[in-house]
Amino acid sequence: MEQKLRQEAKALLEQKKIDWIIGFEAGSLKFTTTPLITKDAADTERLVINPFITNNLASFLTEMKGRVAIVAKGCESRSIVSLIQDNKVAREDLVILGVPCPGIIDLAKIERLVGKERDELDDISRDGDKVSVKVNGKKKDFTASDVLFDHCLACELPTPQEYDILLGEERKPSPELKVSGQNIAALKELTSTERWASWEKELSRCIRCYACRNVCPACFCQRCFVEETEPQWVMPMPRWQDNLIFQIIRNIHVAGRCTDCGECERVCPVNIPLRSLTREMYDIVDELFKFKSGMDKDALPLMVHYEQEEAEDLFR
Amino acid sequence: MSKKVNKKDIAQLLKEWSQQFNVLAPSRASGVAEMTEWDGKDTSFLEWYRNTVVPPKASFLPPMEEMFRFRKDEEGYRIEPPSKNGQKQLLFGVRPCDARAMAIVDMTFEDAYKDPYYLEKRRNAVLVGMGCTNPCESCFCTSMGTTPTDSTNVDLMLIDIGDYFLIEEVTAKGKELLAKASGLKEATKSDEAEAEKSKETSYNKVTRKLDTTGIKDRLLESFDDEEFWTKTAAKCISCGICTLLCPTCYCFDINDEMVKGEGARFRNWDSCGFPLYTKMPMENPRSEKWRRVRQKVCHKYEFYPMAFDVIACTGCGRCIRLCPVNWDITQVIESVPQKVKGAK
């Protein structure tokens with residue numbers, strides 16, 4: 001798959017069919033990849049596809065100028081489709097290099113399971129449903145479902161629906177999707193008072209780095225409401241109440257656009273379980289509107305149109 | 001001869017110090033590793049602690065801080081000055097990279113304008129350092145003027161020698177702390193030798209190296225190299241992780257909040273990575289991402305050396321570990337072009 005990707009990307013750049021390629025290359029830390037955004041055909045030799053391609057590359061699309069080839073797992077393809085629906089990118093400006101994805105390894109889960117941090121591990125390898133972790137020369141085996149990201153366990157689209165070139169064999173979704181991560185299930189058990197207290201604790205840690213917003217392909221506003229000063233919707237001080245308002249409004253803004261890629265939760269430096277909010281919203285959108293974002297590029301975006309029969313009495 | 005303390009007696013030591021100080025120690029109780037008010041018993045950090053995610057600067061320049069309160073009446077605004085905090089903090093387990101970072105931040109806050117909020121807390125504080133035995137893959141302190149066991153910027157330094165910590169008395173403050181402490185033992189010659197060995201082992205575990213020779217000049221010459229900076233900034237997502245959680249970044253924003261005629265002025269962490277940081281009524285000199293990335297790099301490796309003769313980076317590695325896209329400052333610094341003098 002990697003070889004094919006490099007060939008295709010190189011050819012596209014050399015034949016001037018694209019101006020940019022966005023993919024992944026090896027990162028500077030163990031078990032890490034990093035986005036590779038380049039115009040240079042020689043750089044395509046560095047492109048990789050492996051179990052650690054965590055980022056959702058679609059978040060870069062709205063800032064690119066020209067024609068772009070983008071490496072897309074299923075989740076990226078959904079974000080791309082959602083951006084097309086919202087007229088944020090044009091389909092004809094994209095070459096989508098589809099990657100059928102078996103799920104991405106969540107290093108934080110492995111850290112918890114083996115009691116070591118990622119840089120203390122010798123090796124992580126995956127063979128089908130088995131993931132082997134080598135620590136201090138000893139090998140420990142896990143089933144993939146124990147070490148993949150929560151959002152990967154809930155993945156409805158491992159193989160992109162929308163692509164120009166598919167780089168591997170199509171993969172079907174797992175027959176047993178686990179939509180809830182640990183946190184969501186636990187939160188649902190709580191009373192609303194307990195849940196409120198739980199979010200107070202979680203959001204007290206927020207430092208307002210806005211990484212959750214900035215990695216999010218669905219957060220494409222040129223000016224975010226948190227940056228508005230007249231009126232000021234939310235104070236920039238990282239008080240838990242303001243942090244809560246920020247998260248709630250962000251969540252509402254991405255309703256019908258969030259594809260449950262899980263990036264907001266992954267990048268949070270202070271471990272706030274943000275997917276508990278976004279996944280809940282995703283499920284609510286599905287329940288109320290029978291709408292799954294990023295599945296159909298010809299569908300109208302959920303929040304910018306309405307059907308007669310949806311109207312409440314007030315509007316009828 | 002130095003003193004030593006059994007690791008089992010750390011809780012006792014912290015209890016004694018708690019009588020005089022607000023003791024802060026590494027904790028994950030909040031959900032993230034940070035220096036937190038010690039709970040009176042937990043020393044589990046001795047097992048897991050490599051470094052905190054939130055740097056100890058948060059104890060002197062908190063993420064948000066009330067500067068003063070104000071009230072509006074018929075005659076105008078009345079300002080209530082902040083109550084003197086007077087709190088004496090003892091930070092236990094500070095890593096040498098972060099201690100050096102505090103010394104670097106001091107340079108700004110005690111420069112032309114003396115920042116009372118920061119300096120009061122800082123001058124009242126005691127730093128008890130703890131040498132690293134297990135540096136991270138992202139650490140590069142040995143390239144940045146310090147080492148995993150450097151005692152330069154702390155009051156007391158603990159060096160791991162197995163069941164004990166050897167304690168180095170660095171400052172008079174530190175000496176005083178130790179003089180009153182019970183449960184300490186005299187270190188032997190072999191303890192001292194063990195400490196030296198431990199330091200060397202730790203030093204050799206820092207494998208990431210960064211050559212900063214001539215970096216100030218290279219950055220100066222590359223300032224207008226838009227192509228280089230655009231490429232360097234391409235994958236940056238303009239979040240605030242690498243700045244807000246950098247132990248030497250100190251930028252803050254000031255905000256007033258008033259409800260029904262009463263309010264307060266706050267300051268809170270801010271980041272040059274945000275477009276809003278330089279937004280002015282008519283223009284924004286750093287609206288493009290590459291200009292913001294350039295600012296961040298140059299502030300640490302060019303402007304700070306120009307102003308204070310020291311690079312404002314201590315190699316703690318947080319920006320590398322925590323970056324959502326693995327933007328790596330060591331790779332960036334290494335890739336700054338060496339321009340030929342006089343060439344265009």
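Residues numbered from 1 in each chain as written. Chains lettered and ligands numbered in written order. Predicted model: local features only at pLDDT ≥ 70, side-chain atom pairs only at ≥ 80, totals over all residues. Heavy atoms only, no water.

**Looking at the domain arrangement of chain B**
Residue and element names in this part refer to chain B.
So, step 1. When the domains of chain B are assigned, the result is domain 1 (3-205) and domain 2 (215-335).
So, step 2. Interface of domain 1 and domain 2: buried area, both sides summed, is about 3400 Å²; carbon and sulfur atoms make up 65% of it.
So, step 3. Three residues, Lys57, Phe70 and Phe140, lead the burial of domain 1 against domain 2; their summed loss comes to 18% of the area buried on that side.
So, step 4. At the surface where domain 1 touches domain 2, the tally comes to three salt bridges.
So, step 5. Taken together, the links from domain 1 to domain 2 amount to 23 residue pairs in polar contact (both at pLDDT 80 or more).
So, step 6. Listed by contribution, the elements that provide at least two residues to the side of domain 1 that touches domain 2 are β4 (64-73), α3 (96-109) and α4 (116-123).
So, step 7. Here the side of domain 1 that touches domain 2 is built from residues that sort into 26 nonpolar, five polar and 10 charged. (Domains from an automatic or database assignment. Buried area = accessible area lost by both parts, 1.4 Å probe. Salt bridge = Lys/Arg side-chain N within 4 Å of Asp/Glu carboxyl O. Polar contact = N/O pair within 3.5 Å; in protein donor to acceptor, adjacent residues only side chain to side chain. Helix = DSSP H or I, 4+ residues; strand = E, 2+ residues; numbered from the N terminus. Nonpolar A, V, L, I, M, F, W, Y, C, P; charged D, E, K, R; others polar.)

**Focus on the packing of helix α7 (residues 192-204) of chain A against helix α9 (residues 240-253) of chain A**
Helix packing geometry: the angle between the two helix axes and the distance between the axes.
All names here are of chain A.
So, step 1. Between α7 and α9, whose axes approach to 9 Å, the crossing angle comes to 100 degrees. Taken together, the axes of α7 and α9 lie roughly perpendicular to each other. Contact with α7, carried on its side by Trp196, Glu200, Leu203 and Ser204, involves Trp240, Asn243, Leu244 and Gln247 of α9 and no other residues of that element.
So, step 2. Its residues assigned to classes, the contact of α7 with α9 shows four nonpolar, three polar and one charged. (Axes fitted to C-alpha atoms, helices over the stretch in contact; angles between N-to-C directions. Parallel < 35°, antiparallel > 145°, perpendicular 65-115°, else oblique. Contact = heavy atoms within 4.5 Å.)

**Details of the interface of chain A and chain B**
So, step 1. Counting from both sides, the interface comprises 38 residues of chain A and, opposite them, 44 residues of chain B.
So, step 2. Carbon and sulfur atoms supply 58% of the area that chain A and chain B bury against each other, a total of about 3200 Å² over both sides.
So, step 3. A salt bridge links Arg50 of chain B to Asp119 of chain A; its shortest N-O distance comes to 2.8 Å.
So, step 4. Only β2 (33-38), α8 (211-214) and α10 (263-267) of chain A provide two or more residues apiece to the side of chain A that touches chain B.

**A short note on the sheet that holds strand β4 (residues 94-98) of chain A**
Residues and elements named next belong to chain A.
So, step 1. Ordered by their spatial adjacency, five strands build an open sheet running β2-β1-β3-β4-β8, and the pairing between neighbours is mixed. One side of each edge strand has no neighbouring strand; the edge strands of this open sheet are β2 and β8 (165-166).
So, step 2. As defined by bridge partners, strand β1 (residues 20-26) adjoins strand β3 (residues 68-72) across three bridges and the pair is classed as parallel. In the strand pairing of β3, Ile22 is matched with Ile70.
So, step 3. Each of β1, β3 and β4 touches helix α2 (residues 74-85); the most contacted strand, β3, lies at about 135 degrees to it. (Pairing = 2+ DSSP bridges.)

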